[in-house]
Amino acid sequence: MSHKRTYRLVPALVLGSLLATSALSSSAVAQEKTLRIAMTAADIPKTTGQPDQGFEGNRFTGIPMYDALTHWDLSSADKASVLIPGLATEWKVGDSDKTKWIFKLRPGVKFHDGSPLNAAAIAWNVQKVLDKEAMHFAPDQIGVTVSRMPNLVSAKAIDELTVELTTKVPDSFLPLNLTNLFIASPTHWQKKYDALGSVADKAERAKQAWAAFASDASGSGPFKMAKFQPRERLEYVANKAYWDPKRTPKVDRVVLVPMPEANARTAALLSGQVDWIENPAPDAIKSIKDKGFVITTNAQPHVWPWQFSFAEGSPWLDKRVRHAANLCINREELKSALNGMMEIPKGTVPPGHPWWGNPTFDIKYDLAAAKKLMTDAGFGPNKRLKVKTITSASGSGQMQPVPMNEYLQQALKECFFDVELDVIEWNALFTNWREGAKSPNARGAHATNVTYAAMDPFFAMVRFTSSKTLPPVSNNWGHFTSPEFDDLITKAQTAFADNDRDAALANLHKRIVEEAPFLWVAHDVGPRAMSAKVKGFVQPKSWFVDLAPVSMD
């Protein structure tokens, strides 16, 4: 039976929460080619080289100011982003010992402070998150690093331009994971540490040195930090000496401001306070276009889900209930309510992807089938199932979390679910993603709504289904494990030939969809709106973007 509901996903534009115009356009900045961006984050992502605020941190304080051993190719809007050399020009796993990797570094690269970027610097950056005995150990950078590369154990310099990395077990995903390890300047940090000689406690001294580094950072990326005001703004300027001529910045300065409320971002763009906004309010899309602004979108490997709890007593332990929820959502209707700003998922990756695997469970809208599954599970109009989901009001990749969750709340009523929504602050939600469903900070929730990037096997599948990625190691928030899945993961991780790895990952994805540890709701299309003055921007098929080629007319 057809059923139509009309939901207004966002209210009319409001002018609250806007930055004062003077905060974005001083006379000095006005003389430069300046790009002003409003992020969805509620705060400036960490600037120490390991950003927080989800992958919006990588996008805006990682990739612009830092380099990693490996990079994503973000130059095409038509082709999928693939792994390319970054600071490493080549890499190879050991012939006899598959836990050893050799990375050859690019010669002549310098940090923004002028010090050389060499193998010792790579080893130092691995130590900062893995070696508790290291003088520069940074506990606050562990969560956003180790959870993304849990098998990395150590690094050591072989010579000036050769570094050896060691993993716990053979792991063919390591080169992909390393796109998240941004390399900060040891020399610059050491100067901050030495200036704090009056601080006797070494751990406290290191903590203060990192805090000083955060406001005066030094990486090797195409942009250099110029000004930092926590919770207000970050400015960086072009690094005209960047090692890759194709990524020498075209603008003089970038100004980043946190603006978590979609209507405030939209109003800031329309009033000329910023040139570019992430995730505009859906019901303002037409108005934005009518006023001559540009909307860019592209299907990207980024999933908007509910991740289910499999803790004792969870209502999602019954697969029939999980399947029913996935069949109860009219995603076409939701897409229309979002003004088209989403893609409809069939799993974590789409059909035709090398990892698709042709699952037997078809994620679609089938209200009758959903109701039957719920009836078979013992639920109905007179015995409804209470479920609680935690979400955020905003945040990296969260799209329009509150109105989208309110849509799900209403839609699932028809399948005998009573959904309680608990809206918490984005970083608290993201932190609990590593603490897990059994943590008191999960607030008794049976599901969490944290979006996730799916551009590599670990991010897309492994961290949610492995017994080795249970909290606090990584993001298996729901404690979803089985020997079968561990075996499938091992086969994929130990397949070092591309075709063999794709085949193993297809088997893994097939079983994930069939077991349904998620409610797959949408694939993000990364909508952003910008002034017609912004030129040269490429919206890749990726969660990330490259600001270096962007110019201002």
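Quick notes on the rules
- Residues numbered from 1 in each chain as written.
- Predicted model: local features only at pLDDT ≥ 70, side-chain atom pairs only at ≥ 80, totals over all residues.
- Heavy atoms only, no water.
- Phe/Tyr/Trp six-rings, centres within 6.5 Å; stacked < 30°, edge-to-face > 60°.
- Helix = DSSP H or I, 4+ residues; strand = E, 2+ residues; numbered from the N terminus.
- Buried < 20%, exposed > 50% of the residue type's maximum accessible area, 1.4 Å probe, protein only.
- Pairing = 2+ DSSP bridges.
- Axes fitted to C-alpha atoms, helices over the stretch in contact; angles between N-to-C directions.
- Contact = heavy atoms within 4.5 Å.
- Disulfide = S-S within 2.5 Å.
- Salt bridge = Lys/Arg side-chain N within 4 Å of Asp/Glu carboxyl O.
- Polar contact = N/O pair within 3.5 Å; in protein donor to acceptor, adjacent residues only side chain to side chain.
- Right-handed = clockwise from strand over helix to strand, strands pointing away.

For the structure shown, the criterion picks out 25 aromatic pairs. With centroids separated by 6.0 Å and ring planes inclined at 25 degrees, the aromatic side chains of W91 and F103 adopt a geometry described as stacked. Of the two residues, W91 sits in strand β4 (residues 88-93) while F103 sits in strand β5 (residues 100-105), which places them 12 residues apart along the sequence. Classification of W91 as partly exposed rests on a relative accessible area of 26%. Given a relative accessible area of 0%, F103 falls into the buried group.

This part covers the pairing of strand β8 (residues 223-229). Sheet topology places β8 next to strand β9 (residues 233-238); 6 bridges connect them, and they run antiparallel. Bridge pairing in β9 links F223 to A238. Connecting β8 to the antiparallel partner β9 that follows it, the hairpin turn spans 3 residues, and R231 within it adopts a positive phi of roughly 70 degrees.

Moving on, we get to the sheet that holds strand β6 (residues 152-159). The strand order β4-β5-β7-β6 describes an open sheet built from 4 strands, whose pairing is antiparallel. Where the open sheet ends on each side, the last strands, each with one partner, are β4 and β6. When the angles between neighbouring strand axes are averaged without regard to direction, this sheet yields 20 degrees. As paired strands, β5 and strand β7 (residues 162-167) are joined by 5 bridges and run antiparallel to one another. Note on β7: the bridge partner recorded for I102 is E164. Those strands touched by helix α4 (residues 119-130) are β5, β6 and β7, and its axis lies near 160 degrees from that of β6.

We now examine the state of the cysteines. Following the criterion strictly, the structure yields 1 disulfide and no others. Disulfide pairing places C328 opposite C415 at an S-S distance of 2.0 Å. The disulfide joining C328 to C415 has a torsion of about 100 degrees about its S-S bond and is therefore right-handed. Placement of C328 in the loop between α11 (319-327) and α12 (331-337) and of C415 in the loop between α14 (401-413) and β15 (417-424) is noted, with a sequence separation of 87 residues between them. You'll find C328 and C415 in the same group, each marked buried.

It is worth spelling out the pattern of salt bridges at this point. Going through the model one piece at a time under the given rule, you end up with 27 salt bridges. Note that D140 and K46 form a salt bridge whose closest N and O atoms lie 3.4 Å from each other. Of this pair, D140 sits in the loop between α4 and α5 (143-146) while K46 sits in the loop between β1 (34-39) and α3 (55-62); the two residues are 94 residues apart in sequence, bridging distant segments of the chain. Its relative accessible area of 45% is what places D140 among the partly exposed residues. The salt bridge partner of D216 is K192, with a shortest N-O separation of 2.6 Å. Of this pair, D216 sits in the loop between α8 (202-214) and β8 while K192 is found in helix α7 (residues 186-194), placing the two residues 24 residues apart along the sequence. Judged by its relative accessible area of 18%, K192 is buried.

This part is about the environment of V534. Examined against the element boundaries, V534 turns out to sit in strand β20 (residues 534-535). For V534, a relative accessible area of 10% translates into the label buried. The spacing of V534 and S147 is 387 residues in sequence and 35 Å in space, taken between C-alpha atoms. When near neighbours in sequence (up to four residues on either side) are disregarded, V534 contacts L35, D275, W276, V550, S551 and M552.

Looking now at helix α15 (residues 426-435). Along an α-helix, a turn takes 3.6 residues, which lines up residues three or four apart on a common side. Taken together, the buried positions of α15 are occupied by W426, L429, F430, N432, W433 and R434. Capping of α15 at its N-terminal end is provided by E425; its side-chain oxygen lies 2.9 Å from the backbone amide nitrogen of N427. Positive phi shows up at G436, right after α15, with a value of about 100 degrees.

Pairing is mixed in the open sheet, where 7 strands are placed in the order β8-β9-β10-β1-β11-β19-β12. Looking at which strands have only one partner, the edges of the open sheet turn out to be β8 and β12 (294-296). Direction aside, neighbouring strands of the sheet carry axes that sit 20 degrees apart on average. Both β12 and strand β19 (residues 528-530) contribute to a ladder of 3 bridges, which runs antiparallel.

Right, let's talk about the pairing of strand β14 (residues 385-392) for a bit. Here β14 lies mainly inside the structure; 7 of its 8 residues are buried. Considered for its hand, the β-α-β crossover made up of β14, α14 and β15 is right-handed. In the sheet, β14 pairs with strand β16 (residues 447-448) via 2 bridges, with the strands oriented parallel. Bridging from a neighbouring strand, I390 pairs with T448 of β16.

Following the sequence through the fold, T469 ends up in the loop between α16 (457-465) and α17 (483-493). At 3.0 Å, the side chain of T469 forms a polar contact with the backbone oxygen of R463. When neighbours within four sequence positions are excluded, T469 is seen to be in contact with F458, V462, R463, F464, S474, N475 and N476.

Glancing now at unusual backbone geometry. For the peptide bond that leads from P471 to P472, omega is 5 degrees, which places it in the cis range. Summarising the element assignment, P472 is placed in the loop between α16 and α17. Positive phi, normally seen in glycine, also occurs at F416, with a value near 75 degrees. Relative accessible area serves as the criterion here: at 9%, F416 is assigned to the buried category. A positive phi angle, close to 55 degrees, is found at A516, a residue other than glycine. Relative to the helices and strands, A516 is located in the loop between α18 (498-515) and β18 (518-523).

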